Amino acid sequence: MAHSAISQVSIAAPIGSDISLRRSVVKRNSLSFRDKSWASTLSWDLKSQTALKSNQFIVRMSVQQASKSKVAVSPLELEDAKEPPLNIFKPKEPYTATIVSVERLVGPKAPGETCHIVIDHGGNVPYWEGQSYGVIPPGENPKKPGSPHNVRLYSIASTRYGDSFDGKTASLCVRRAVYYDPETGKEDPSKSGVCSNFLCNSKPGDKVQITGPSGKIMLLPEDNPNATHIMIATGTGVAPFRGYLRRMFMEDVSFKFGGLAWLFLGVANSDSLLYDDEFSKYLKDFPDHFRYDRALSREQKNKNGGKMYVQDKIEEYSDEVFKLLDEGAHIYFCGLKGMMPGIQETLKRVAEQRGENWDEKLSQLKKNKQWHVEVY
């Protein structure tokens, strides 16, 4: 998820596809996010000669084994810090990290291309869930010849332990920015997004300049492990929520989540869904603690017969959402800034129908630190 200029709002004081456990392919000391199973129940030494000799080996697991077991992570010292790491590497002196993998996340019918990019930072650029990395693409800034490109910010889509569970990688969820000429309808490569295309085109072993981590707005409050977290994402805005949910449901960490996590994800169509296998698995394994609602604007209709946007899905459950907010739930919004006006209008309308004043309610939510927004 990219946000070149993040506008951050200051915050003062369950579904289908049957995820049968097919086989889980493990590639060289890292678990692909497509795995349909958690792997902690297996005692394999991934660094063993067998693993290194073969590019991949296949692990079969029983449904019973995989259902609730959580993955062991290291180093557990990453749990100890009282404050989040901030701006360890600055734009003038970035860290040179290495691309581990680039994988297309979306199906053939998705408009545009979204990639999952794993970056090896060697444990030198630690971060917490909900933070962002800056990326400086190679080349010079066309507006300032001789100077490097400006930093582009991307929300991190992994937990602090990364997709390999060893604290050495971070994952980004990046949509390739392309420009189509409105007259010819053809793509104009000269206007493509410099950084998103650099990342999506990169190959394992390529170097990438990163800064950060930055951001405190979207940090997951862990003071109450039984809290409710309502997460509203459009597109690559799902990145921080993937990190939250892996921390809550996948990893064996000191944070023992016993509350409710409710994800609303808005995308164009089924082929555009991001990390759907992971989310569907949590739904199956933790039905009392996870809810997952998708809004597919090109495939579903809202109650008025129009396109189903994420705010329409929230409106369907507005009584529950408002009740949870009144009980202290945290609500998070992440995605393109164009998502917020429609959502705010819907919440305002719902509040008025309930005889509440939305502006007063919103200022109370902000005051209580329940309202978290990061849009770009």
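Given the structure is predicted, the values throughout are model-derived calculations rather than measurements. (Residues numbered from 1 in each chain as written. Predicted model: local features only at pLDDT ≥ 70, side-chain atom pairs only at ≥ 80, totals over all residues. Heavy atoms only, no water.)

Right, let's get into helix α8 (residues 339–353). Compared with the 21 Å implied by 1.5 Å per residue over 15 residues, the 22 Å span of α8 between its first and last C-alpha is a close match. M339, M340, G342, I343, T346, L347, V350 and A351 are the residues of α8 that are buried. Down the axis of α8, the buried set is contained in an arc of 170 degrees. They therefore lie on one face. The exposed residues of α8 that point more than 90 degrees off its buried face are E345 and E352. Buried positions along α8 lie against β13 (228–234), α6 (310–316), α7 (318–326), β17 (330–335), α9 (358–367) and β18 (371–375). Looking at the residues trailing α8, positive phi occurs at G355, about 75 degrees. (Helix = DSSP H or I, 4+ residues; strand = E, 2+ residues; numbered from the N terminus. Expected span 1.5 Å × (residues − 1). Buried < 20%, exposed > 50% of the residue type's maximum accessible area, 1.4 Å probe, protein only. Arc of directions from axis to C-beta. Contact = heavy atoms within 4.5 Å.)

Now for helix α3 (residues 194–201). Here α3 lies mainly inside the structure; six of its eight residues are buried. Where α3 is concerned, the buried positions are C195, S196, N197, F198, L199 and C200. Residues of α3 that are buried in the fold lie against β7 (95–104), β8 (114–120), β9 (132–136), β10 (152–155), β11 (169–175) and β12 (207–214).

A few words now on the packing of aromatic side chains. Counting across every chain of the model gives 21 aromatic pairs. Seen in terms of ring centroids, Y275 and F279 are 6.4 Å apart; in terms of plane orientation they differ by 65 degrees. Their pairing is edge-to-face. Each member of the pair, Y275 as well as F279, is classed as buried. For the ring pair F279 and Y292, a centre distance of 5.5 Å and an interplane angle of 75 degrees mean the geometry is edge-to-face. Placement of the pair is F279 in helix α5 (residues 276–285) and Y292 in strand β16 (residues 290–296), with a sequence separation of 13 residues. When sorted by exposure, F279 lands in the same class as Y292, which is buried. Among the aromatic side chains, those forming a connected cluster through ring pairs are F249, F255, F257, Y275, F279, Y282, F286, F290 and Y292. Of note, R291 hangs over the ring of W262, and the distance from its end group to the ring centre comes to 3.7 Å. (Phe/Tyr/Trp six-rings, centres within 6.5 Å; stacked < 30°, edge-to-face > 60°. Lys NZ or Arg CZ within 6 Å of the ring centre and 35° of its normal.)

It is worth spelling out the environment of G335 at this point. Turning to its location among the elements, G335 is positioned in strand β17. Residues G335 and A233, 102 residues apart in the sequence, show an inter-C-alpha distance of 5.7 Å. Those residues in contact with G335 that sit more than four places away from it in its chain are T234, G237, E374, V375 and Y376.

Inspection of the sheet shows β7 paired to β12 by four bridges, in the antiparallel sense. Among the inter-strand pairings, T98 is bridged to a residue of β12, identified as K207. When β7 meets β8, the two strands line up antiparallel, connected through six bridges. By the bridge assignment, R104 is partnered in β8 with C115. (Pairing = 2+ DSSP bridges.)

What follows deals with the nonpolar core. Judged by nonpolar contacts, the single largest core of 42 residues is most densely connected at F241, L245, M248, F249, L263, F279 and F290. If you list the elements that add at least two residues to this core, you get β13, α4 (239–249), β15 (260–267), α5, β16 and β17. Inspection of this core shows a minimum of three residues originating in each of domain 1 (76–214) and domain 2 (228–375). The next biggest cluster of nonpolar side chains, apart from the first, holds 26 residues, and it includes I230, I314, F322 and L365. (Core = buried A, V, L, I, M, F, W, Y, C linked by side-chain atoms within 4.5 Å. Domains from an automatic or database assignment.)

Before going further, it helps to examine the packing of α8 against α9. Where α8 contacts α9, the axes come no closer than 9 Å and their chain directions differ by 115 degrees. Between α8 and α9, the interaxial angle falls into the category roughly perpendicular. Across from Q344, L347, K348 and A351 in α8, the residues of α9 making contact are W358, D359 and L362. By residue class, the composition of the contact of α8 with α9 is four nonpolar, one polar and two charged. (Axes fitted to C-alpha atoms, helices over the stretch in contact; angles between N-to-C directions. Parallel < 35°, antiparallel > 145°, perpendicular 65-115°, else oblique. Nonpolar A, V, L, I, M, F, W, Y, C, P; charged D, E, K, R; others polar.)

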